[in-house]
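Here is what each chain is made of, one letter per residue.
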Amino acid sequence: MNTTSVIELSQEAVDNNIAFIKNNLGANVKMSSVVKGNAYGHGIEYFVPMAEKAGTDHFSVYSSDEAWQVQSVCSPETDIMIMGYIDEHDRDWVIENGLEFFVFQVETLKEVIERSRKLGKKARIHLELETGMNRTGLNRRQLRQCLPLLREHADHLALKGVCTHYAGAESIANHVRVQKQITKFNRTYKWLLEQGIRPETRHTACSAAAVAYPKTQMDMVRIGILQYGFWPSKETQIHYLHKSKNKINPLMQIIRWRSRIMSLKNVRQGEFISYGTTYMALEKKRIAIVPVGYAHGFSRSLSNQGRVLIKGQRVGVIGMVNMNMLIADVTYLSRVKLGDEVVMIGQQGENKITVSSFGELSDQVNYELLTRLPSRIRRVIKK
Ligand SMILES: *Cc1c(COP(=O)(O)O)cnc(C)c1O
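Being a predicted model, the structure only gives us computed values, none of them experimental.

Rules used in this analysis
Residues numbered from 1 in each chain as written. Predicted model: local features only at pLDDT ≥ 70, side-chain atom pairs only at ≥ 80, totals over all residues. Heavy atoms only, no water. Helix = DSSP H or I, 4+ residues; strand = E, 2+ residues; numbered from the N terminus. Contact = heavy atoms within 4.5 Å. Core = buried A, V, L, I, M, F, W, Y, C linked by side-chain atoms within 4.5 Å. Buried < 20%, exposed > 50% of the residue type's maximum accessible area, 1.4 Å probe, protein only. Domains from an automatic or database assignment. Phe/Tyr/Trp six-rings, centres within 6.5 Å; stacked < 30°, edge-to-face > 60°. Lys NZ or Arg CZ within 6 Å of the ring centre and 35° of its normal. Disulfide = S-S within 2.5 Å. Axes fitted to C-alpha atoms, helices over the stretch in contact; angles between N-to-C directions. Parallel < 35°, antiparallel > 145°, perpendicular 65-115°, else oblique. Left-handed = near helix turned anticlockwise from the far one by under 90°. Nonpolar A, V, L, I, M, F, W, Y, C, P; charged D, E, K, R; others polar. Near = heavy atom within 4 Å. Polar contact = N/O pair within 3.5 Å; in protein donor to acceptor, adjacent residues only side chain to side chain. Pairing = 2+ DSSP bridges.

### Structural notes on the side chain of Gln181
Logical step 1: Mapped onto the elements, Gln181 comes out in helix 8 (residues 175–194).
Logical step 2: In this view, Gln181 contacts Thr131, Gly132, Met133, His165, Tyr166 and Ala167; residues no more than four positions away in its chain are not counted.

### Observations regarding the nonpolar core
Logical step 1: In terms of nonpolar packing, the biggest core is built from 111 residues, with Phe101, Ile125, Leu127 and Phe298 touching the most fellow members.
Logical step 2: Of all the elements, helix 8 adds the most residues to this core, at six residues.
Logical step 3: Here this core spans two domains, and each of domain 1 (11–243) and domain 2 (255–382) adds at least three residues to it.
Logical step 4: Among the nonpolar cores identified, the runner-up in size contains eight residues, and Val267, Ile287, Ile289 and Ile327 belong to it.

### Quick word on the packing of aromatic side chains
Logical step 1: Tallying each qualifying case throughout the model produces seven aromatic pairs.
Logical step 2: Consider the rings of Trp257 and Phe298, whose centres lie 6.4 Å apart with planes at 45°: the pair is tilted. Remark: Phe298 occurs in the loop between strand 12 (285–290) and strand 13 (307–310) and Trp257 occurs in strand 10 (residues 255–260); sequence separation between them is 41 residues. Here Trp257 matches Phe298 in class, with each residue buried.
Logical step 3: Among the aromatic residues, ring-to-ring pairing joins Tyr40, Phe47, Tyr228 and Tyr367 into one connected group.
Logical step 4: A cation over an aromatic ring shows up here: Arg140 above the ring of Trp191, its NZ or CZ 4.5 Å from the ring centre.

### Here we look at the state of the cysteines
Logical step 1: Applying the stated criterion across every chain yields a total of zero disulfides.
Logical step 2: The structure places no disulfide on Cys206, whose sulfur is separated from the nearest cysteine sulfur, that of Cys163, by 13 Å.
Logical step 3: Note on Cys206: relative accessible area 17%, which makes it buried.

### Description of the packing of helix 6 (residues 106–119) against helix 7 (residues 140–152)
Logical step 1: Packing of helix 6 against helix 7 brings their axes to within 9 Å, and their N-to-C directions diverge by 15°. What the angle tells us is that helix 6 and helix 7 run roughly parallel. At the point where helix 6 passes helix 7, the crossing takes the right-handed sense. Residues Val106, Leu109, Lys110 and Ile113 of helix 6 form the contact with helix 7, whose participating residues are Gln142, Gln145, Cys146, Leu149 and Leu150.
Logical step 2: A class-by-class count of the residues in the contact of helix 6 with helix 7 yields six nonpolar, two polar and one charged.

### Concerning the site of the ligand
Logical step 1: In the region of the ligand, the neighbouring residues are Val34, Lys36, Tyr40, Met83, His165, Cys206, Ser207, Arg222, Ile223, Gly224, Ile225 and Tyr367.
Logical step 2: Contact between the ligand and Ser207: an oxygen atom at 2.5 Å from a side-chain N or O atom of the residue.
Logical step 3: Contributing elements (two or more residues each) for the shell around the ligand: helix 2 (36–40) and strand 9 (220–223).
Logical step 4: Residue composition of the shell around the ligand, by class: seven nonpolar, three polar and two charged.

### Some remarks on the sheet that holds strand 12
Logical step 1: Read from one edge to the other, the open sheet built from three strands follows the order 11-12-15, with strand pairing classed as antiparallel. The sheet terminates laterally at strand 11 (263–267) and strand 15 (326–329), the two strands that pair on one side only. Between one strand axis and the next, the sheet turns by 30° as a mean value, whatever way the strands run.
Logical step 2: By the bridge criterion, four bridges tie strand 12 to strand 15 in an arrangement that is antiparallel. When the bridges of strand 15 are listed, Ile289 appears paired with Ile327.

In short, shape yes, function no, at least from these values alone.
Here's what the structure looks like:
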């Protein structure tokens, strides 16, 4: 069954972005591909095999249900790491299947040891350290409580890593806080070594940190937004371009989101268009109705603001965005007809709508816009 719009995913862009990221990592730095939020809206089941083709063999997800989705499409050698929530009913499954996961509570460590003893299988854990974000993570006091458990139960645990997450590495406004976090992480890691605890890896960097603070790359980076072809922020992009030789954006958007014109009509001068009175035709208008609305992830805040591409031209979204439809102003386009392609995100002819231009108009960041694209929109993979 077709859906009212289609999301095209470009393998070429995936290859390009992952090669770019790997080229910019230090020697022996591994990349974990972050695919939480349904692979930032791209679709886990589509994106994971594409990223594997591009040479990725480690994926990070938020929760056990996402891990299950990755596992059902990835190769058996691929590693999966859960950074957040594991439902009680999934915990044995996670250990039995050798999935890696973050531990950020002492209670969890005790429970994990119990379960892995019963299952006769080592739990592959990463200790998440609290370094200043004040979200999840073990502080020094809690780590101290973990020490005897880690020492006595080494048979039941594979300490795959220690890690932390920065509180906003994409903005220079957080520079001091991030620097403090780096220092605190390094100090805690050293302390762990002194206590005889030897984690296999250290990983702290997301996309922004890996670009703006290269020393955070350590043994592995957890890259989300960059691999999809988007910068975490304008600042991070400028930071990179400033240092690059050719000043050309090296990333390619993977996603192209398109639909079709389902209805065309003329509206007389002085009439209101769509719900309410937010848009009045100040002249005779020709409008195109497109079967995409906020139920499909086209935010209501793009009412009277958003842009779409038709006939290679950028045209305005007029009136309120409805649940299942939006209205585009095609008054100044010639030869528009029913069934013509409409692009909400991506290239058409010479023009392109980036998710960031979308974001600037709607106050949403790339992350939020992308993850709001419903999984039920049909995805197709392009070469
Ligand atoms: C989402 C997330 C990342 C990836 O962040 P990007 O900015 O998309 O690269 C890395 N680490 C953790 C813990 C995350 O939650």
